[in-house]
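A structural walkthrough
What follows is each chain in one-letter form.
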Amino acid sequence: MEICPKLTPTQALLLRAAARRADGRVIPPANLRGGARVKVLSALMQRGWIEPADDGHALTDAGYVVAGRKRPALPEDLQPVEPPDDLQLLEGIPVRPGTKLAALLVALRRPQGATNLQLMLATGWQPHSVRGAISGLLRKRLGLNVVLKRNNAIGERVYRIG
């Protein structure tokens, strides 16, 4: 009797679709974005069913077994490649480059910090959203030390990761 591992519908979809491809590439659907995409791919990597490939992720032998297929024979001239840089680790937390969170962190890491207006322009958020992201996401969830100083010369708050 063979025990099938418990998969979410998204995980099952990704594994079955990748097993049907000749190269075994895992291509998430366009509507799977942000944290959901990171969570699904991380879970599959932790279980050893996918591995980083040249331009994304590919199925491992264990991934083919879970998908119920056999790995197709690959040409001998293929060389292993280094994993992609699609996720940067920020103190152990994955952050995708080009996102609003990444823009917020880049602005806050500058030595002079950033004003609320600069953070609004970098992210496209309203002032209350910027303050909420700093308080809730950066300070509480990520545990970063965000320092607030009042700049009396211009009369604005200046935030900086300290």
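Description of the structure in this document. (Residues numbered from 1 in each chain as written. Predicted model: local features only at pLDDT ≥ 70, side-chain atom pairs only at ≥ 80, totals over all residues. Heavy atoms only, no water.)

Side note on the nonpolar core
What counts here: Nine residue types can take part in a nonpolar core, namely buried Ala, Val, Leu, Ile, Met, Phe, Trp, Tyr and Cys, and a core is a set of them joined through side-chain atoms within 4.5 Å. Buried, partly exposed and exposed residues are distinguished by accessible area as a fraction of the type maximum, computed with a 1.4 Å probe on protein chains only: under 20%, between the cut-offs, and over 50%, respectively. A run of DSSP states H or I qualifies as a helix once it reaches four residues; a run of E qualifies as a strand once it reaches two. Both are numbered from the N-terminal end. Contact definition: two residues touch when any of their heavy atoms are within 4.5 Å.
Formed by 17 residues in total, the largest nonpolar core has its most connected members in Leu108, Leu119, Ile134 and Leu138. Residue assignment for this core shows that the elements contributing at least two residues are α4 (100-108), α6 (127-141) and β8 (156-161). No other element matches α4, which puts five residues into this core. Excluding its chain neighbours within four sequence positions, the residues that come into contact with Leu108 are Leu119, Leu138, Tyr159, Arg160 and Ile161.

Remarks on helix α1 (residues 9-20)
Put simply, the rule reads: Multiplying 1.5 Å by the helix residue count minus one yields the expected span of that helix.
Helix length check: α1, at 12 residues, gives a terminal C-alpha distance of 17 Å against a target of 16 Å (1.5 Å per residue), a fit within 8%. Among all positions in α1, only Gln11, Ala12, Leu14, Leu15, Ala17, Ala18 and Ala19 are buried. On its buried face, α1 is in contact with β1 (25-26), α2 (34-46), β2 (50-53), β3 (56-59) and α3 (61-67).

A short note on the sheet that holds strand β6 (residues 114-115)
Note the following rule: In this scheme, strands are said to pair when DSSP sees at least two bridges between them.
Judged by pairing direction, the sheet is antiparallel, and its three strands sit side by side in the order β6-β8-β7 without closing on themselves. Each end of this open sheet is capped by a strand with a single partner; those strands are β6 and β7 (146-151). As judged from the six bridges shared by β7 and β8, these two strands associate in the antiparallel manner. Note that in β8 the partner of Arg150 across the bridge is Arg157.

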